[in-house]
Amino acid sequence: MSTRFSFSWLPPLGVAAGLAGVFLVVIFVVRARTKRTSAPRRLVAQPDEKDAVAFAAQHESRVSLLPDPDPLVEFDLETASIRNFIYANKTVRYPYYQTMAHQPMHINHWIEIDKEYRWYIDEKARVIKEQGKKVIDSLPENDEACGELLELLADYLPKRYPTLFKREAADSITSLVTGDRFDAVSTKKGTDALLVISRLVQDDFLMARERPDGQVYLVGGLIAFPGTYLLSDTIDKPLEVLHTDVPDFNQKLLFSVERTLKRFQPDQPFERSSWNIMDDRNLFLHNSAFNPLDKDQRPEDLWLRIDHQTFRKLPRTNAIIFGVRPIMRRIEDLADSPLVPSLVEKVHKESAEHLLKYKGLPKYGPLLLPYLRKLVESQIERGLISPGDDVRSFREFLHERGLPVPTTQTSLSAQTESDRRKAARVGAQA
């Protein structure tokens, strides 16, 4: 279970990498939140039939502690942008090693929408139509949770984005962008609910829960944009199995991660981000995750894929929800981001060999590294940075000079030059 829920520190090649990033983060967040309370939290056990009503009431009260999101009453989809996650959530860091980079999540940041919304929604529909249960599925034990997640979104979206969504009836939601209206929202369960969700937000969702054996299992989800794996290969498996290939995870981290996930509460949402280098716009499965780079691949058309990951516990069903929103930036988009090419270069040159190998550096490094050096030298020549600047302070660098956070981002709806060259070559060979 990962959607490149890989540690931003570990690479994207394999299911295990993603889950490790997701669950490491949970440990520190819950501990940090616990330290700020006056009384210790009690472990909330999975309810049996006898006390299910009391359990649900307890958790409903906890989620009520979360405020409604602030409404974006003048939100314009045509110009909308989201946070630059190179700068938010400590996504790219030096030194590069396994660590927990996260922060408590403001409710406003649960779902972020930008001008690429239509492309994401249409692409998601295409992937679901072509791939079916490989990307959208729910085990019977998870069907109620799918419905609860839909209800939560149907409540949230019109409040946060009143220019995009509307509740024309108490139990409905209408997308003013696509024209889709969904009625009887509270009656939808399982994949029926997930299909509605796929028409509402750019995010994917993985869903997990604890079973009587004490282990946490992936039990369903909508994951049209995993990048490197399939939901169908991960569903109904416990964390221990999913993390077999992650260095040291099962030996050193599994126990703490599972314990923390069981204690994670509905009023403790948090977020983090992970990054990977990919070679194309195919969010479903990137070519470089399985194949060598295409011979027409240009370095400037490599992509920095950042997965914004959100974490919530559903109050009624106690399901663990991992939201994943992939955001793509071409490496050329980093040209005017002070110190960022230097940072990415340093991470790739000075980090542990086994981590970079797992990340996929042997495949893309020969193309990426010379181009990053070119970007660094260009920034020095233009006076944007100095050779002695500390790459670890790239965020503070902007603040100290009064510079805005860069917003350059190539649209996913248009082919890159590398895409066009490959298409022309394939067409000529046909």
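Note that this is a predicted model, so its numbers are computed, not measured.

Visitor: Mind showing me how you'd approach the overall build of the protein chain here?
Guide: Broken down by element type, the protein chain carries 12 helices and 10 strands. Evaluated residue by residue, the protein chain yields a buried proportion of 58% over its 430 residues. Partitioning the contacts of the protein chain with sequence separation of at least 6, the portion at a separation of at least 24 is 75%. In the structure as shown, the protein chain presents an accessible area of about 17900 Å², 51% of it carried by carbon and sulfur atoms.

Visitor: What should I look at first to understand the pattern of salt bridges in this one?
Guide: Close approach of charged atoms lets side chains of opposite charge pair. Enumeration according to the criterion identifies 35 salt bridges in this entry. For E300, the salt bridge is made with R298, and the minimal N-O distance between the two is 3.3 Å. R298 matches E300 in its accessibility class, with the two residues each being buried. Bridged by salt links that share partners, the residues R298, E300, D301, R330, E332 and D333 form one connected network.

Visitor: Any chance you could explain helix α10 (residues 361–381) here in plain terms?
Guide: Working note: α-helix, 3.6 residues per turn, so residues spaced by three or four point in the same direction. L367 marks the point of greatest bend in α10, at about 40 degrees, and the proline P370 comes within the next four residues. In this structure, the buried side of α10 is in contact with β8 (270–278), α8 (340–350) and α9 (353–359). Two residues or fewer after α10 comes G383, characterised by a positive phi angle close to 75 degrees.

Visitor: Honestly, the sheet that holds strand β4 (residues 173–175) in this entry has me stumped. Any pointers?
Guide: Within a sheet, adjacent strands bond to each other through the backbone by hydrogen bonds, running parallel or antiparallel. Taking strand neighbours across the sheet as the criterion, the three strands line up as β3-β4-β5 in an open arrangement whose pairing is antiparallel. Among the strands making up the open sheet, the edge pair consists of β3 (165–166) and β5 (181–182). By the bridge criterion, two bridges tie β4 to β5 in an arrangement that is antiparallel. Its bridge partner lying in β5, T174 is registered against R181.

Visitor: What is the right way to read the sheet that holds β8 from this model?
Guide: The seven strands lie next to each other as β1-β8-β9-β10-β6-β7-β2, forming an open sheet whose pairing is antiparallel. Whereas interior strands pair on both sides, the edge strands pair on one side only; in this sheet they are β1 (103–104) and β2 (136–138). Pairing of strand β6 (residues 204–210) with strand β10 (residues 320–330), which is carried by five bridges, proceeds in the antiparallel orientation. The partner of M207 across the bridge, within β10, is I321. Against the sheet, helix α5 (residues 190–198) engages β2, β6 and β7 (216–222), with an angle of about 145 degrees to β2.

Visitor: What am I meant to see in the pairing of β6 here?
Guide: Along any regular strand the residues' side chains alternate between the sheet's two faces. Burial analysis of β6 places six of its seven residues in the buried class, the great majority of the element. As consecutive antiparallel partners, β6 and β7 are separated by five residues, and within that stretch G214 has a phi angle of approximately 85 degrees, a positive value.

Visitor: Would you mind showing me how to read the packing of α8 against α10 here?
Guide: Helices that pack against each other are described as a pair by the angle of their axes relative to one another and the distance between those axes. Remark: α8 packs on α10, axes separated minimally by 9 Å, with the N-to-C direction vectors making an angle of 145 degrees. The two elements α8 and α10 cross, and the hand of that crossing is left-handed. On the side of α8, the interface is formed by P341, S342, V344, E345 and H348, while α10 contributes L361, Y364, L368, L369, L372, R373, L375, V376 and Q379. Class assignment of the residues belonging to the contact of α8 with α10 gives a composition of nine nonpolar, three polar and two charged.

Visitor: Hey, could you run me through the packing of aromatic side chains in this one?
Guide: Each aromatic ring pair is characterised by the separation of its centres together with the angle its planes make. Considering all chains together, one arrives at eight aromatic pairs under this definition. Look at F75 and Y161: their rings are 5.1 Å apart centre to centre, the planes differ by 70 degrees, and that puts the pair in the edge-to-face class. Taken as a pair, F75 in the loop between α2 (52–63) and β1 and Y161 in the loop between α4 (143–160) and β3 lie far apart in primary sequence, 86 residues in all. The same class applies to F75 as to Y161, namely buried. Each ring, one from F270 and one from F311, has its centre 4.3 Å from the other, and the planes form 5 degrees; the classification is stacked. Separated by 41 residues along the polypeptide, F270 in strand β8 and F311 in strand β9 (residues 303–313) bring together distant segments of the chain. Pair check on accessibility: F270 and F311 agree, each one buried. Stacked on the ring of Y217, the Lys or Arg R211 has its end atom at 4.1 Å from the ring centre. Lying across the ring of W110, R312 places its NZ or CZ 4.5 Å from the centre.

Visitor: Even after reading the chapter, I still don't get the pairing of β8, so can you show me in this structure?
Guide: In terms of residue burial, β8 counts as a mostly covered element, since nine of its nine residues are buried. Residues F270, R272, S274, N276 and M278 point to one face of β8 and E271, S273, W275 and I277 to the other, with burial holding for every one of them. Of the strand pairs in this sheet, β8 and β9 are connected by nine bridges, and their pairing is antiparallel. Note that in β9 the partner of S273 across the bridge is H308.

What counts and how
- Residues numbered from 1 in each chain as written.
- Predicted model: local features only at pLDDT ≥ 70, side-chain atom pairs only at ≥ 80, totals over all residues.
- Heavy atoms only, no water.
- Helix = DSSP H or I, 4+ residues; strand = E, 2+ residues; numbered from the N terminus.
- Buried < 20%, exposed > 50% of the residue type's maximum accessible area, 1.4 Å probe, protein only.
- Contact = heavy atoms within 4.5 Å.
- Areas by Shrake-Rupley, 256 points an atom, 1.4 Å probe, with all protein chains shown as cover.
- Salt bridge = Lys/Arg side-chain N within 4 Å of Asp/Glu carboxyl O.
- Bend = angle between axes of the 7 residues up to and from the residue.
- Pairing = 2+ DSSP bridges.
- Axes fitted to C-alpha atoms, helices over the stretch in contact; angles between N-to-C directions.
- Left-handed = near helix turned anticlockwise from the far one by under 90°.
- Nonpolar A, V, L, I, M, F, W, Y, C, P; charged D, E, K, R; others polar.
- Phe/Tyr/Trp six-rings, centres within 6.5 Å; stacked < 30°, edge-to-face > 60°.
- Lys NZ or Arg CZ within 6 Å of the ring centre and 35° of its normal.

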